[in-house]
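# Fold and contact review
If you want the building blocks of each chain, they are given just below.
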Amino acid sequence: IYYGPIFSLEQSSLFFDDLLNKIEWKNEEIIMFGKEIISKRKVAFYADDEVDYTYSNKTKKGLSWTAPLLKIKSVVENYTHVNYNGCLLNLYHDGNEAMGWHSDNEKEILPNSSIASVSIGIERKFSFKNKLSKETIAVQLENGSLLEMKGTIQKNWLHALPKSKKITQPRINLTFRQFLK
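Attention here is on the structure that accompanies the text. Fair warning: this is a prediction, and the values are worked out from it, not measured in the lab.

### Describing the sheet that holds strand E7 (residues 99–102)
Read from one edge of the open sheet, four strands run E7-E12-E9-E10, paired in antiparallel fashion. Lying at the two open borders of the sheet, with one neighbouring strand each, are E7 and strand E10 (136–141). Averaged over all pairs of adjacent strands, the angle between their axes in this sheet comes to 15°, without regard to strand direction. For E7 and strand E12 (residues 157–161), the ladder comprises two bridges, and the chain directions are antiparallel.

### Considerations on the pairing of strand E8 (residues 115–121)
A large share of E8 lies buried, amounting to seven of its seven residues. Two elements, E8 and strand E11 (residues 145–149), share five bridges in a ladder whose sense is antiparallel. Across the sheet, residue Ala-116 finds its bridge partner in E11, namely Glu-148. Where E8 and strand E13 (residues 171–177) come together, six bridges link them in antiparallel fashion. Looking across to E13, one finds that Val-118 is bridged to Leu-174.

### Brief notes about unusual backbone geometry
Glycine aside, residues mostly have negative phi angles, and peptide bonds mostly take the trans form. Residues other than glycine seldom take positive phi values, yet Glu-50 does so here, at roughly 70°. Here Glu-50 shows up in the loop between strand E3 (35–47) and strand E4 (52–55). Look at Lys-134: it is not a glycine, yet its phi comes out positive at around 70°. Residue position: Lys-134 is located in the loop between strand E9 (124–130) and E10.

### Digging into the packing of aromatic side chains
To describe a pair of aromatic rings, one takes the distance between the centres and the angle between the planes. This structure, assessed with the given rule, holds eight aromatic pairs. Note on Tyr-53 and Phe-179: the rings are 4.9 Å apart at their centroids and 65° apart in plane angle, and the pair reads as edge-to-face. One end of the pair, Tyr-53, is in strand E4; the other, Phe-179, is in the segment after E13, and 126 residues separate them in sequence. You'll find Tyr-53 and Phe-179 in the same group, each marked buried. Their ring planes at 15° and their centres at 6.4 Å tell us that Trp-65 and Phe-176 sit as a pair that is stacked. Highlighted residues: Trp-65 in the loop between strand E5 (58–61) and helix H2 (67–80) and Phe-176 in strand E13, separated in sequence by 111 residues.

Thresholds, definitions, all that
Residues numbered from 1 in each chain as written. Predicted model: local features only at pLDDT ≥ 70, side-chain atom pairs only at ≥ 80, totals over all residues. Heavy atoms only, no water. Pairing = 2+ DSSP bridges. Helix = DSSP H or I, 4+ residues; strand = E, 2+ residues; numbered from the N terminus. Axes fitted to C-alpha atoms, helices over the stretch in contact; angles between N-to-C directions. Buried < 20%, exposed > 50% of the residue type's maximum accessible area, 1.4 Å probe, protein only. Phe/Tyr/Trp six-rings, centres within 6.5 Å; stacked < 30°, edge-to-face > 60°.

What follows is the structure in structure tokens.
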């Protein structure tokens with residue numbers, strides 16, 4: 001479900017500056033084809049107490065929520081009518097930083113649960129590909145927008161953030177999730 005912008009340009013700008021400067025960003029260490037690679041994209045994971053997240057053979061312990069993250073989370077929960085207990089944040093510096101085809105189907109995530117994706121910063125194309133038919137669909141994620149993925153979408157579809165040489169500005173993506181405890 002694409003809700004479009006749920007935050008004004010002014011709110012988005014304030015959130016962007018706060019997140020960029022106050023989040024504990026780290027370069028991501030990913031295991032690909034048996035080798036550890038450090039990505040240019042930066043990540044952070046914030047969550048309720050006792051919530052960990054493992055993907056790419058790395059476990060992230062949730063940091064304590066910040067006030068701006070809790071504010072964004074509250075607005076997102078009002079739109080989706082879902083309570084989230086974790087948020088993975090991604091900082092893409094420009095269009096050279098991307099995310100390949102994948103599904104968010106790690107064992108810690110509640111099956112068929114809602115994943116709410118908030119985009120703050122430059123608009124980016126976000127693509128979906130059906131696992132069986134290979135059909136693709138794309139949506140432009142606007143500054144301050146909300147995209148909710150739920151139900152069997154992770155079982156049936158892959159998603160990606162493609163590279164774009166035209167994108168020269170940053171984007172912060174917040175993916176609120178429901179983790180098993």
